[in-house]
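# Structural characterization, general
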Amino acid sequence: MSRRVVITGVGIVSPLGLDSNVTWKQLINGVSGIDKIKSFDADGFETQIAAEVKNYDPVPFVGLKQSKRMDRFVQLACTVALQAIEDANLNLDAVDRNRFGVNIASGTGGIITLSEQVGTLNLKGPRKVSPFLIPMMLPDMASGQVSMLLNLKGPNFSTVSACSSGADSIGVAFNMIRNGEIDACIAGGSEAAVCPIGVAGFNSCQALSRQNATPQQASRPFDAKRDGFVLGEGACVLVLETLQNAINRGVEPIAEIKGYAATADAHHITQPAPEGEGGARAMNSALKQAGISYNKIDYINAHGTSTKLNDKYETMAMKSVFKDEAYKIPISSTKSMTGHLLGASGSLEAGITALSIKNGVIPPTINLVEPDPDCDLDYTPNLPRRGEIKFAMSNSFGFGGHNASLVFSKFEE
């Protein structure tokens, strides 16, 4: 018999704030975290804007010495893991650490460290390359460092599936707990790819917005004038555990995870499958595992990247799955405010979806001024909306044809 899995803690560091409370307040107030790039001189780049994490200091969380041996994405992961444990009111000394996993995803890993050390190699030669390069750049090091920081000895790995990574991380952890393999897990994603090679690379494949003069209006999912996504950075992890664990601890769950599914487009390295058929299969399968009908969903946090094909095909996929109900379901793309956190986007949006259920508030899609005729659903334009959310879905789609869908519910005993 499968076990019920609940979310008891959320940790967030985002372009909107350094914790989940500030991030949430900014989201429901429709604030954009996008601005001119500050972390490097972007003069000469086609895109000069990004959604960067501001005023972040890793030292209070991991110490000065250790922080120097971590790429930024690992620092962020350790920070949100500590936040999530605190949010869950979890005493780790009272749990079976052998049955507590860590699964923190990253799409690009330590790309900042790697690009810096390639520069060192070219300028100064191989003997000057840092001995910490490899352990700083590996995508699994967020999970590895968090497990060591918290002495958690269950399954420990990184789920890498481009922009679906964070959602897949949560989904895999959900199934492991549900099936009795472990009792709890820190699951989510972390990403820090706002660096010269990251921006140049995405520019070269024509993915990023070039609305440099108006940074806060540049991410405009489902709008007719969208011209690409805005690169973001940050991290979000959730504490997942069995319902029985939460009851035994006297903790009220934030939300419950009901279903997860992943599919492949098997179509194109960067473009989604026509009409979003791969995404539609993921949504249908997640609903099936959750054991609920499509007409029960009260809110969808869309992948909504602000690229031409993604928004159009995701809209078509939602119509395919939800039929006439698609026009009645409030949808939002919080990437309009956070930018696109790549491998951490799915976990951030899962965390936002859980908080939406808890607080009974749907965040808006900002910058939706001129709706694209191909995107004609209810995207909660520009203003938040209050109302009970019993069931919600969060979608994530990634380069390589990855699709992931998560279904959440309001907790009821």
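Look up: the structure comes first, before these words.
Conventions and cut-offs
- Residues numbered from 1 in each chain as written.
- Predicted model: local features only at pLDDT ≥ 70, side-chain atom pairs only at ≥ 80, totals over all residues.
- Heavy atoms only, no water.
- Core = buried A, V, L, I, M, F, W, Y, C linked by side-chain atoms within 4.5 Å.
- Buried < 20%, exposed > 50% of the residue type's maximum accessible area, 1.4 Å probe, protein only.
- Helix = DSSP H or I, 4+ residues; strand = E, 2+ residues; numbered from the N terminus.
- Salt bridge = Lys/Arg side-chain N within 4 Å of Asp/Glu carboxyl O.
- Axes fitted to C-alpha atoms, helices over the stretch in contact; angles between N-to-C directions.
- Parallel < 35°, antiparallel > 145°, perpendicular 65-115°, else oblique.
- Left-handed = near helix turned anticlockwise from the far one by under 90°.
- Contact = heavy atoms within 4.5 Å.
- Pairing = 2+ DSSP bridges.
- Phe/Tyr/Trp six-rings, centres within 6.5 Å; stacked < 30°, edge-to-face > 60°.
- Expected span 1.5 Å × (residues − 1).

Ile85, Phe100, Ile104, Val146, Leu150, Ile186 and Leu231 are the most contacted members of the largest nonpolar core, which totals 48 residues. For this core, the secondary-structure elements that each account for two or more residues are helix 4 (72–87), strand 4 (100–105), helix 5 (111–124), helix 7 (141–150), strand 6 (184–191), helix 9 (196–204) and strand 7 (234–242). Per-element accounting of this core gives the leading share, nine residues, to helix 4. Counting residues in each nonpolar core, the second largest holds 42 residues, with Leu16, Ile170, Met176 and Met337 among its members.

Attention now goes to the pattern of salt bridges. The final tally for this structure, using the stated rule, is 19 salt bridges. Taking the shortest distance from any N to any O, the salt bridge between Arg226 and Asp372 comes out at 2.9 Å. With Arg226 in the loop between helix 9 and strand 7 and Asp372 in the loop between strand 11 (361–362) and strand 12 (385–386), the pair connects residues that are 146 residues apart, well separated along the chain. Salt bridges sharing common partners tie together Arg3, Arg99 and Asp183.

You can see Gly119 is positioned in helix 5. Here Gly119 falls in the partly exposed class, since its relative accessible area comes to 28%. Distance from Gly119 to Val129, taken between C-alpha atoms, is 9.2 Å for residues 10 residues apart in sequence.

Relative orientation of the contacting elements helix 4 and helix 7 amounts to 45 degrees, with a least axis distance of 9 Å. The angle between the axes of helix 4 and helix 7 places the two elements in the oblique class. In the packing of helix 4 onto helix 7, the handedness of the crossing is right-handed. Touching Phe73, Val74, Ala77, Cys78, Ala81, Leu82 and Ile85 of helix 4 are Met141, Ala142, Gln145, Val146, Leu149 and Leu150, all from helix 7.

The next thing to look at is unusual backbone geometry. Not every positive phi belongs to a glycine, and Gln206 is a case in point at roughly 60 degrees. The topology assignment puts Gln206 in the loop between helix 9 and strand 7. With a phi angle near 65 degrees, Glu275 is a residue other than glycine that sits in the positive phi range. The topology assignment puts Glu275 in the loop between strand 8 (255–264) and helix 11 (277–290).

With that out of the way, let us pick up the pairing of strand 8. The buried fraction of strand 8 is high, at seven of 10 residues. Where strand 1 (residues 5–13) meets strand 8, three bridges bridge the pair, whose relative direction is antiparallel. Within strand 8, the residue paired with Ile7 across the bridge is Ala255. Summarising the sheet, strand 8 and strand 14 (residues 402–409) pair through eight bridges and their orientation is antiparallel. Counterpart to Ile257 in the pairing with strand 14 is Phe408.

The next thing to look at is the sheet that holds strand 5 (residues 156–157). Read from one edge of the open sheet, 10 strands run 5-4-6-7-1-8-14-13-9-10, paired in mixed fashion. Each having just a single partner strand, strand 5 and strand 10 (331–332) make up the two edges of the open sheet. Packed on one face of the sheet, helix 7 meets strand 4, strand 5 and strand 6 and runs near 145 degrees to strand 4. Contacts from helix 11 reach strand 8, strand 13 (391–398) and strand 14 within the one sheet, and its direction differs from that of strand 8 by about 145 degrees.

By the criterion of burial, strand 13 is predominantly enclosed, with eight of the eight residues buried. What you see with strand 13 is no split at all: Phe391, Met393, Asn395 and Phe397 on one side and Ala392, Ser394, Ser396 and Gly398 on the other are buried throughout. Across three bridges, strand 9 (residues 299–301) lies against strand 13 in parallel orientation. By the bridge assignment, Asn301 is partnered in strand 13 with Ser394. Inspection of the sheet shows strand 13 paired to strand 14 by eight bridges, in the antiparallel sense. Within strand 14, the residue paired with Ser396 across the bridge is Ala404.

Let's shift gears to the side chain of Thr315. Among the structural elements, Thr315 can be located in helix 12 (residues 308–322). In contact with Thr315, not counting residues within four places along its chain, are Phe222, Asp374, Cys375, Asp376, Leu377 and Tyr379.

Next up on the list: the packing of aromatic side chains. Applying the stated rule across the entire model yields four aromatic pairs. Ring centres 5.4 Å apart and planes at 75 degrees place the aromatic pair Phe202 and Phe229 in the edge-to-face group. In this pair, Phe202 is assigned in helix 9 and Phe229 in the loop between helix 9 and strand 7, connecting sequence segments 27 residues apart. Taken individually, Phe202 and Phe229 each receive the classification buried, so the pair is uniform in this respect. Centroid distance Phe222 to Tyr379: 3.9 Å. Interplanar angle 10 degrees. Geometry classified as stacked. Pair noted here: Phe222 is in the loop between helix 9 and strand 7 and Tyr379 is in the loop between strand 11 and strand 12, with a separation of 157 residues, a long-range link.

A separate point is helix 8 (residues 165–178). Across its 14 residues, helix 8 extends 20 Å between first and last C-alpha, which sits within 8% of the 20 Å expected from 1.5 Å per residue. Within helix 8, 11 of the 14 residues are buried, leaving the element largely enclosed by the surrounding structure. Taken together, the buried positions of helix 8 are Ser165, Gly166, Ala167, Asp168, Ser169, Ile170, Gly171, Ala173, Phe174, Met176 and Ile177. Positive backbone phi, approximately 90 degrees, marks Gly180, located one or two places after helix 8.

Here we take up the environment of Met393. With respect to the helices and strands, the residue Met393 is situated in strand 13. The sequence separation of Met393 and Val407 amounts to 14 residues, and the corresponding C-alpha distance is 4.5 Å. Among residues more than four places away in sequence, those in contact with Met393 are Met283, Leu287, Ile297, Tyr299, Ile300, Asn301, Phe322, Thr353, Ser405, Leu406 and Val407.

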